Amino acid sequence: MGHHRPADTFVLRGDPTGRGPWAALWFQGPRLRAALSIDDPRTTRDARRLIAGRVPLSADRAADPDVRLNETARTPFR
């Protein structure tokens, strides 16, 4: 979902070579611009809302699959 540009920062969430869910995230500055999520509907829902809301995130925390994506927001977001 979303559209990324070549200059956007790429962040990998989880391990695409493993059996579990993972996601590819693209950031422009602190804002999530695009996401591709595999076998992780919660990350898909969170990413859709965060992209639409233009909520600033911590890319470092977003890379951690043990932290829910919406919990990486720099401001409270539900």
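As the structure is a computational prediction, the values presented were derived from the model and not from experiment.

## Re the overall build of the protein chain
Here's step 1: The number of helices and strands found in the protein chain is two helices and three strands.
Here's step 2: The order of α-helices and β-strands along the protein chain, N terminus first, is β-β-β-α-α.
Here's step 3: Here the protein chain has a C-alpha radius of gyration of 11 Å; the compact-globule value for 78 residues is 12 Å, and the two agree.
Here's step 4: Expressed along its principal axes, the backbone C-alpha trace of the protein chain runs to roughly 30 × 30 × 20 Å.
Here's step 5: Looking at the protein chain residue by residue over its 78 residues, the buried ones come to 38%.
Here's step 6: Considering only intrachain contacts with a sequence separation of at least 6, the fraction spanning at least 24 residues in the protein chain is 38%.
Here's step 7: Of the roughly 4,900 Å² of accessible surface on the protein chain, 50% is carried by carbon and sulfur atoms.
Here's step 8: Computed over 14 positive and 9 negative side-chain charges, the separation of the two mean positions in the protein chain equals 9 Å.

Reading the values: rules and limits
Residues numbered from 1 in each chain as written. Predicted model: local features only at pLDDT ≥ 70, side-chain atom pairs only at ≥ 80, totals over all residues. Heavy atoms only, no water. Helix = DSSP H or I, 4+ residues; strand = E, 2+ residues; numbered from the N terminus. Rg over C-alpha atoms; globule rule 2.2 N^0.38 Å. Buried < 20%, exposed > 50% of the residue type's maximum accessible area, 1.4 Å probe, protein only. Contact = heavy atoms within 4.5 Å. Areas by Shrake-Rupley, 256 points an atom, 1.4 Å probe, with all protein chains shown as cover. Lys, Arg positive; Asp, Glu negative; His and termini not counted. Charge placed at Lys NZ, Arg CZ, Asp CG, Glu CD.

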